[in-house]
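Descriptive structure summary
Each chain is listed here by its residues.
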Amino acid sequence: PIENARVYVTTDPGGVAVIDKVLTNASGQASASYSGSTPQAITGRARKASASPYYKSTAITGTISSSGFDQTILMLDDE
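This section reports on the structure supplied with the text. (Residues numbered from 1 in each chain as written. Predicted model: local features only at pLDDT ≥ 70, side-chain atom pairs only at ≥ 80, totals over all residues. Heavy atoms only, no water.)

Its volume calculated, the largest pocket comes out at about 680 Å³. Lining the largest pocket are 26 residues, and of these G28, Q29, A30, D70 and Q71 sit closest to its centre. When residues of the lining of the largest pocket are traced back to their parent elements, those giving at least two are strand 1 (6-11), strand 2 (17-23), strand 3 (40-48) and strand 4 (55-64). Residues that form the lining of the largest pocket fall into these classes: 17 nonpolar, eight polar and one charged. (1 Å grid on protein atoms, 1.4 Å probe; cavity = no way out; pocket = protein on both sides within 12 Å on 5 of 7 lines; lining within 4 Å. Points joined across faces, edges and corners; volume = space filled by probe spheres on them. Helix = DSSP H or I, 4+ residues; strand = E, 2+ residues; numbered from the N terminus. Nonpolar A, V, L, I, M, F, W, Y, C, P; charged D, E, K, R; others polar.)

Structure follows, in structure tokens:
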């Protein structure tokens, strides 16, 4: 798990922020509530560049369903 990675996720199309620059917790998770219609395509990025160890920006894509959205992403070391 990567703590303090910044996560930004928006609806696609539309660009409405679902997760707006939230930092991951000690378990490497970021979460938010979504009250829009489903299914809803999303796109975003996660990165950790504020303190060592640094990680490259990683794309997030998927679809929020009626049961939510959960995705594990792989972040590559950038040091």
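Residues I2, A5, V7, V9, V18, I19, I42, A46, Y55, I60, I64 and M75 constitute the largest nonpolar core, which totals 12 residues. Mapped by element, the contributors of at least two residues to this core are strand 1, strand 2, strand 3 and strand 4. A per-element tally of this core places strand 4 first, with three residues. Not counting residues within four places of it along the chain, the set of residues in contact with V18 comprises V9, T10, T11, A32, Y34, I42 and I64. (Core = buried A, V, L, I, M, F, W, Y, C linked by side-chain atoms within 4.5 Å. Buried < 20%, exposed > 50% of the residue type's maximum accessible area, 1.4 Å probe, protein only. Contact = heavy atoms within 4.5 Å.)

A separate point is the pairing of strand 2. Sheet analysis places strand 1 next to strand 2, joined by five bridges and oriented antiparallel. Looking at the pairing, V7 lines up with V22 of strand 2. Between strand 1 and the antiparallel strand that follows it, strand 2, lie five residues; G14 among them carries a positive phi value of about 120 degrees. (Pairing = 2+ DSSP bridges.)

Spatial relationships are all this shows, so hold off on functional conclusions.
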